[in-house]
Amino acid sequence: MNANEYVVQGSIPMTRGSILRVEDGRDLTLYVWEGAVWLTQEGDPRDRYVGPGEWFRLDRHGVAIAHATQRTVVTIAAPTPELYASRIMLAKAGSAVPVELYTAANASASIGARLSRFWARLFAPHVRPTTAAL
């Protein structure tokens, strides 16, 4: 992995047939540690096979699908610490309910909450003990 990247999701285990869906994740990098994925991006006629020890950087917005062709372990890394995709979902083989690994809506809410706390601390009157409190 590149030292200038942030780990989005580390060691995602995927059974054969599992699907990793990344929405609007341009510049995210998928590292395949074990196994292999068949990767396709929206609007790109080429599909890619990413095997063990290989990686691929998403070069388009839209939906990217990584289909595990065997038992696989992947890591997702990003060039920025937050807001790197609209959504990342994992649909495990044999499961009807996909697992949401990341959503920008939750990340932006946390940023909003942090900004709110920052502004509140910045403009809140400073507390000074009175002689009655001493």
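Check the entry above for the structure.
Before going into details, it helps to say that this report is about the structure given with it. Since this is a predicted model, take the numbers as computed values, not measurements.

Here we take up the overall build of the protein. When you go through the protein residue by residue, the secondary structure sums to 1 helix and 10 strands. For the protein, the N- to C-terminal ordering of α and β elements is β-β-β-β-β-β-β-β-β-β-α. Considering only contacts in the protein between residues 6 or more positions apart, those separated by 24 or more positions represent 70%. By element, 57% of the accessible surface of the protein is carried by carbon and sulfur atoms, the whole surface being about 8300 Å².

Moving on to the sheet that holds strand S6 (residues 55-57). Across the sheet, 4 strands lie side by side as S1-S8-S3-S6; this open sheet has antiparallel pairing. Looking at which strands have only one partner, the edges of the open sheet turn out to be strand S1 (6-14) and S6. Sheet twist, expressed as the mean angle between neighbouring strand axes with direction ignored, is 15°. Examined bridge by bridge, S1 and strand S8 (residues 72-78) share 6 bridges and lie antiparallel to one another. When the bridges of S8 are listed, methionine 14 appears paired with threonine 72.

Sheet architecture is open: 6 strands sit in the order S5-S4-S7-S2-S9-S10, paired in antiparallel fashion. The open sheet has two free edges, formed respectively by strand S5 (47-50) and strand S10 (99-103), since each of these has just one partner strand. On average, each strand axis in the sheet is tilted by 15° relative to the strand beside it, whichever way the strands run.

A word on unusual backbone geometry. In this structure, aspartate 24 takes a positive phi of about 50° despite not being glycine. Of note, aspartate 24 is situated in the loop between strand S2 (19-23) and strand S3 (29-34). In this model, aspartate 27 sits at a positive phi of 80°, which is unusual for a non-glycine residue. Here aspartate 27 lies in the loop between S2 and S3.

The final tally for this structure, using the stated rule, is 7 salt bridges. What emerges from the salt-bridge pattern is a single network uniting Asp44, Arg46, Arg48 and Arg60.

Reading the values: rules and limits
- Residues numbered from 1 in each chain as written.
- Predicted model: local features only at pLDDT ≥ 70, side-chain atom pairs only at ≥ 80, totals over all residues.
- Heavy atoms only, no water.
- Helix = DSSP H or I, 4+ residues; strand = E, 2+ residues; numbered from the N terminus.
- Contact = heavy atoms within 4.5 Å.
- Areas by Shrake-Rupley, 256 points an atom, 1.4 Å probe, with all protein chains shown as cover.
- Pairing = 2+ DSSP bridges.
- Axes fitted to C-alpha atoms, helices over the stretch in contact; angles between N-to-C directions.
- Salt bridge = Lys/Arg side-chain N within 4 Å of Asp/Glu carboxyl O.

Structural measurements only, silent on function.
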